[in-house]
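Residues per chain are reported as follows:
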Amino acid sequence: MKRSEVLNAALKCVCEDRDKQYGSPSENFARIAALWSDYRDEAFTPKDVAIMMVLVKVSRSAARDSIDNFVDIAGYAACGGEVLEKKDVKQRHETGKTCEHGKQGKFQVDKASAIYKVPCMHGKHIIWNGKEHAPREKFYFCNGDMWIGVDNSTGELWVEDFITEKGCIAWLEGDFAAGDYEEEMAE
């Protein structure tokens, strides 16, 4: 098979059949990343999914020769490029200047209060899972120009949004007057 034939086969898979079967790469890889994150208890991104799926195909190629593996590698690489481009656009759109996006993963803000700052996708996944499946912890994340606090420490899954990170953390630490602080900041 010629290079152009491999790329054309990948193009057909990625641009014609794929979205109908699985949804857009961004949606599909975000779902996969959320599942992997739950399974491994660490954060994965749609970009990680694209790279690791390429590695699966590389591993399969080592076991046996198959044109399909090379077509799939080209397809996953193309989807990864699209996901990465959309992520960059989405982060510029969502984050504004108040949000800080660092390395993916969770980390403790304060050992005494056990409050975790998590990536936006991970935080949304915690909420979507519902109180029965969410860890009994306190989390917060940036979503656009808002900070979202999630308190599932009692198993009730309380969710509040804040203008500032400081107000969000104050609420998670038990300062229920944090809303007053937020109002002062808005004035």
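Definitions and limits used
- Residues numbered from 1 in each chain as written.
- Predicted model: local features only at pLDDT ≥ 70, side-chain atom pairs only at ≥ 80, totals over all residues.
- Heavy atoms only, no water.
- Core = buried A, V, L, I, M, F, W, Y, C linked by side-chain atoms within 4.5 Å.
- Buried < 20%, exposed > 50% of the residue type's maximum accessible area, 1.4 Å probe, protein only.
- Helix = DSSP H or I, 4+ residues; strand = E, 2+ residues; numbered from the N terminus.
- Contact = heavy atoms within 4.5 Å.
- Salt bridge = Lys/Arg side-chain N within 4 Å of Asp/Glu carboxyl O.
- 1 Å grid on protein atoms, 1.4 Å probe; cavity = no way out; pocket = protein on both sides within 12 Å on 5 of 7 lines; lining within 4 Å.
- Points joined across faces, edges and corners; volume = space filled by probe spheres on them.
- Nonpolar A, V, L, I, M, F, W, Y, C, P; charged D, E, K, R; others polar.
- Pairing = 2+ DSSP bridges.
- Right-handed = clockwise from strand over helix to strand, strands pointing away.
- Phe/Tyr/Trp six-rings, centres within 6.5 Å; stacked < 30°, edge-to-face > 60°.
- pLDDT = per-residue confidence, 0-100.
- Patch = residues over 30% accessible without salt bridge, like charges linked within 9 Å, V, L, I, M, F, W, Y side chains within 5 Å.
- Areas by Shrake-Rupley, 256 points an atom, 1.4 Å probe, with all protein chains shown as cover.

A. Broad picture of the nonpolar core. Among the nonpolar cores identified, the biggest contains 10 residues, and these are Tyr116, Val118, Cys120, Ile126, Ala134, Phe139, Phe141, Ile148, Val150 and Leu157. Of all the secondary-structure elements, those providing two or more residues to this core are helix H5 (120-129), strand S3 (138-143) and strand S4 (146-151). Ignoring anything within four residues of it in the chain, the contact list for isoleucine 126 reads Ala134, Phe139 and Val150.

B. Structural view of the pattern of salt bridges. Scanning the entire structure with this criterion turns up 2 salt bridges. Residue aspartate 72 pairs with lysine 57 through a salt bridge whose shortest N-O separation is 2.8 Å. Remark: lysine 57 occurs in helix H3 (residues 46-63) and aspartate 72 occurs in helix H4 (residues 67-95); sequence separation between them is 15 residues. By relative accessible area, aspartate 72 is classed as partly exposed at 25%. Note on lysine 57: relative accessible area 8%, which makes it buried. Among the salt bridges present, the one from lysine 117 reaches glutamate 165, with a minimum N-O distance of 3.7 Å. With lysine 117 in strand S2 (residues 115-117) and glutamate 165 in helix H6 (residues 165-172), this pair connects stretches of sequence that are 48 residues apart. When its relative accessible area of 23% is taken as the criterion, glutamate 165 is described as partly exposed.

C. A look at the layout of surface pockets. In this model, the second largest pocket occupies a volume close to 360 Å³. Lining the second largest pocket are 17 residues, with Cys13, Arg18, Tyr22, Asp72 and Tyr76 positioned closest to its centre. Where the lining of the second largest pocket is concerned, the elements lending two or more residues are helix H1 (3-22), helix H2 (25-40), H3 and H4. When residues of the lining of the second largest pocket are assigned to their parent elements, the largest contribution, 7 residues, is made by H1. Of the residues in the lining of the second largest pocket, the class split is 10 nonpolar, 3 polar and 4 charged.

D. Seen up close, the pairing of S3. Among the 6 residues that make up S3, 5 are buried, leaving the element largely enclosed by the rest of the structure. Direction of pairing for S2 relative to S3: parallel, over a ladder of 3 bridges. Looking at the pairing, lysine 117 lines up with tyrosine 140 of S3. Where the polypeptide runs from S2 across H5 and back to S3, its parallel neighbour, the crossover connection is right-handed. Across 6 bridges, the pairing between S3 and S4 is antiparallel. Paired with tyrosine 140 across the two strands is glycine 149, which belongs to S4.

E. Focus on the packing of aromatic side chains. Tallying each qualifying case throughout the model produces 4 aromatic pairs. With a centroid separation of 6.4 Å and an interplanar angle of 35°, the aromatic rings of phenylalanine 29 and tyrosine 76 are classed as tilted. Within this pair, whereas phenylalanine 29 is found in helix H2, its partner tyrosine 76 is found in helix H4, the two being separated by 47 residues in sequence. Using a relative accessible area of 21% as the deciding quantity, one classes tyrosine 76 as partly exposed. Relative to tryptophan 171, the ring of phenylalanine 162 has its centre 5.8 Å away and its plane inclined at 45°; by these criteria the two rings are tilted.

F. Summary view of the confidence of the model for the protein chain. Put simply, the protein chain has an average pLDDT of 77, and 78% of its residues get 70 or more. Contacts for the low-pLDDT stretch residues 88-111, under 50 throughout, to residues beyond four places or in other chains number 41 contacts.

G. Representation of a nonpolar patch on the surface within the structure. Among the surface-exposed residues, Ile51, Leu55 and Val58 lie close enough to one another that they form a single nonpolar patch of about 260 Å² accessible area. Position of leucine 55 relative to the elements: it lies in helix H3.

H. Molecular detail of the environment of tyrosine 116. Considering the arrangement of structural elements, one finds tyrosine 116 in strand S2. Once the C-alpha coordinates of tyrosine 116 and glutamate 137 are considered, the two residues, 21 residues apart in sequence, prove to be 7.9 Å apart.

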